[in-house]
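Summary of structural features
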Amino acid sequence: MAPPRPIRLRITRPDDWHLHLRDGAALATSVPHSARCFRRAIVMPNLQPPVTTVAAAAAYRGRILAAAPAGSGFEPLMTLYLTDELPPAEIDRAAAAPWLAAVKYYPAGTTTNSESGVTAIEETYPTLERMQQLGVPLLMHGEVNRDEIDIFDREAVFIDEILAPLIKRFPELPVVLEHITTREAAEFVAGADVDAKIGATITVHHLLYHRSHMLAGGIRPHLYCLPILKRDSHRAALRAAATSGNPRFFLGTDSAPHPVGDKESACGCAGIYTAPAALELYAEVFDEEQALDRLEAFASFHGADFYGMARNESRIELVRESWEVLECYAFGGETVIPVRAGETIRWKIAG
């Protein structure tokens, strides 16, 4: 007979290695939701205008810290937005700022506020070479953006056309394939050479949902994200990767809030707001996969180790206890609807 499943789980305080907080009045909602359970978070730079200088990143970081709850100890780790014109000299300044963790690659036009993204990866080679020299990680939104490529195939094509050649050309450049969504991505990362400096973040919504959840029986705009949800077979592959214990896979929520009007519109914005219950939902997934003993490493160790940062010393406790997610939250004068709004979650943070 299998031993009874634990009802309490105490783990090292985790980090979120991929997070959208937005800006302005929205920070009063988004920052506390992440700070309640995550000690550090890598903050995405796709604002309007994008964060393309260390000075702009420092100013944005100041606004985030001002919105953090007193005593939370929340530490935003900032990123620069890679463009065709981002100069290598800005990488020198980035490497000198201990709170600036990485540079983010968006193919132009692939997702929210990506209009300033890279039009051709070759344009960025001088900057990538400097990043390799200084050990500054490159975070990649892994999709191509060509009309002839089906939206459900864009991650797999990206791996073949962009990622694999890039790793070969820059073997010492640390690369994170963000928010992976396919079996192909999981297999590529897991199967890379033992010395390859590659990792991958996995969101909780790609572990919970597949494309039928978003489309069957009517379109559910609050489950629309990019990269888009894929087949259930891909979700199964992601669950296997996340719970495998492989240190190349780590937690990155890609929590991305939008006001309800921007989601429920003729052309709804891409992004799922998971921050109000992210850690609890990861616990649900690992519980379902009978892998609670591997949650701590995925959430608290693998990302810190990849980035060469000290693991957190504080701890957090989860309890198997049901609670109901609020229907919505205030969001800079508007409202935002979280994932599982009005539904029950089976794990909660104790205290």
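Since the model is a prediction, treat every value here as computed from it, not as a measurement.

What about the overall build of the protein chain?
Looking only at helices and strands, the protein chain has twelve helices and 15 strands in total. Expected size for 351 residues packed as a compact globule is a radius of gyration near 20 Å; at 19 Å, the protein chain falls within 12% of this value. Residues counted as buried form 56% of the 351 residues belonging to the protein chain. Long-range contacts, defined here as pairs at least 24 residues apart, represent 73% of the contacts in the protein chain between residues at least 6 apart. When the accessible surface of the protein chain is split by element, carbon and sulfur atoms take 51% of a total near 14200 Å². Of note, the protein chain has its 34 positive side-chain charges centred 5 Å away from the centre of its 45 negative side-chain charges.

Notes on the pairing of strand β3 (residues 40-43)
Looking along a regular strand, one sees side chains alternate from face to face of the sheet. The alternating pattern of β3 places R40 and I42 and A41 and V43 on opposite faces, both of which are buried. Here two bridges tie strand β2 (residues 16-19) to β3, and the two strands are oriented parallel to one another. Residue pairing for β3: D16 is matched across the bridge by A41. For the handedness criterion, the β-α-β arrangement of β3, helix α2 (residues 54-67) and strand β4 (residues 75-81) is classed as right-handed.

Overview of helix α11 (residues 278-288)
Given 3.6 residues per helical turn, the α-helix brings residues three or four places apart onto the same face. Counted residue by residue, α11 has ten buried out of eleven residues, so it is predominantly covered. By the burial criterion, the buried members of α11 are A278, L279, E280, L281, Y282, A283, E284, V285, F286 and D287.

Regarding the sheet that holds strand β8 (residues 198-202)
The strand order β2-β3-β4-β5-β6-β7-β8-β9 describes an open sheet built from eight strands, whose pairing is parallel. Of all the strands in the sheet, just β2 and β9 (249-251) have a single pairing partner and so form its edges. Looking at each pair of strands side by side, their axes are set apart by 30° on average, direction ignored. Across the face of the sheet, helix α6 (residues 183-191) comes into contact with β7 (175-177), β8 and β9 while running at roughly 145° to β8. Against the sheet, helix α12 (residues 295-307) engages β2, β3, β5 (100-105), β6 (138-140), β7, β8 and β9, with an angle of about 115° to β9.

Observations concerning helix α3 (residues 88-95)
Taken residue by residue, α3 has E90, I91 and A94 as its buried positions. End-on, the buried residues of α3 take up no more than an arc of 105°, which puts them together on one face. Buried residues along α3 sit in contact with α2, β4, β5 and α4 (125-134).

Structural notes on unusual backbone geometry
P49 follows Q48 through a cis peptide bond whose omega is 0°. Mapped onto the secondary structure, P49 falls in the loop between β3 and α2. In this chain, L226 is followed by P227 through a cis amide linkage whose omega measures -5°. If you trace the backbone, P227 turns up in the loop between α8 (211-215) and α9 (232-242). Phi angles above zero are rare outside glycine, and D254 is one such case at about 50°. As for its position among the elements, D254 is in the loop between β9 and α10 (260-263).

Details of the side chain of R248
Within the secondary structure layout, R248 lies in the loop between α9 and β9. For the buried R248, no salt bridge exists, and the shortest N-O distance to an oppositely charged side chain is 7.3 Å, to D195. Among the polar contacts made by the side chain of R248, one reaches the main-chain carbonyl oxygen of V189 at a distance of 2.9 Å. Separated by 3.0 Å, the side chain of R248 and the backbone oxygen of A192 make a polar contact. Excluding residues that lie within four positions of it along the chain, R248 makes contacts with V189, A190, A192, D193, V194, A196, I198, G199 and A200.

Side note on the environment of A68
Looking at the secondary structure, you find A68 in the loop between α2 and β4. Taking relative accessible area as the criterion, A68 reaches 19% and is therefore assigned buried. As a C-alpha pair, A68 and Q132 span 64 residues in sequence and 33 Å in three-dimensional space. Residue contacts for A68: discarding those within four places in its chain leaves V31 and F74.

Focus on the packing of helix α1 (residues 27-35) against α2
Relative orientation of the contacting elements α1 and α2 amounts to 75°, with a least axis distance of 8 Å. As far as their axial angle goes, α2 and α1 are roughly perpendicular. Of the residues in α2, those in contact with L27, A28, V31 and P32 of α1 are R63, I64 and A67. Classifying every residue of the contact of α1 with α2 by side-chain character gives six nonpolar, no polar and one charged.

Some details on the pattern of salt bridges
When the charged atoms of two side chains lie near each other, side chains of opposite charge can form a pair. Applying the stated criterion to the full structure yields 21 salt bridges. With its nearest N and O atoms 2.9 Å apart, the salt bridge here joins E280 to R36. With E280 in helix α11 and R36 in the loop between α1 and β3, this residue pair connects regions lying 244 residues apart in the sequence. On the basis of relative accessibility, which here comes to 27%, the residue R36 falls in the partly exposed class.

Cut-offs applied
- Residues numbered from 1 in each chain as written.
- Predicted model: local features only at pLDDT ≥ 70, side-chain atom pairs only at ≥ 80, totals over all residues.
- Heavy atoms only, no water.
- Helix = DSSP H or I, 4+ residues; strand = E, 2+ residues; numbered from the N terminus.
- Rg over C-alpha atoms; globule rule 2.2 N^0.38 Å.
- Buried < 20%, exposed > 50% of the residue type's maximum accessible area, 1.4 Å probe, protein only.
- Contact = heavy atoms within 4.5 Å.
- Areas by Shrake-Rupley, 256 points an atom, 1.4 Å probe, with all protein chains shown as cover.
- Lys, Arg positive; Asp, Glu negative; His and termini not counted.
- Charge placed at Lys NZ, Arg CZ, Asp CG, Glu CD.
- Pairing = 2+ DSSP bridges.
- Right-handed = clockwise from strand over helix to strand, strands pointing away.
- Axes fitted to C-alpha atoms, helices over the stretch in contact; angles between N-to-C directions.
- Arc of directions from axis to C-beta.
- Salt bridge = Lys/Arg side-chain N within 4 Å of Asp/Glu carboxyl O.
- Polar contact = N/O pair within 3.5 Å; in protein donor to acceptor, adjacent residues only side chain to side chain.
- Parallel < 35°, antiparallel > 145°, perpendicular 65-115°, else oblique.
- Nonpolar A, V, L, I, M, F, W, Y, C, P; charged D, E, K, R; others polar.

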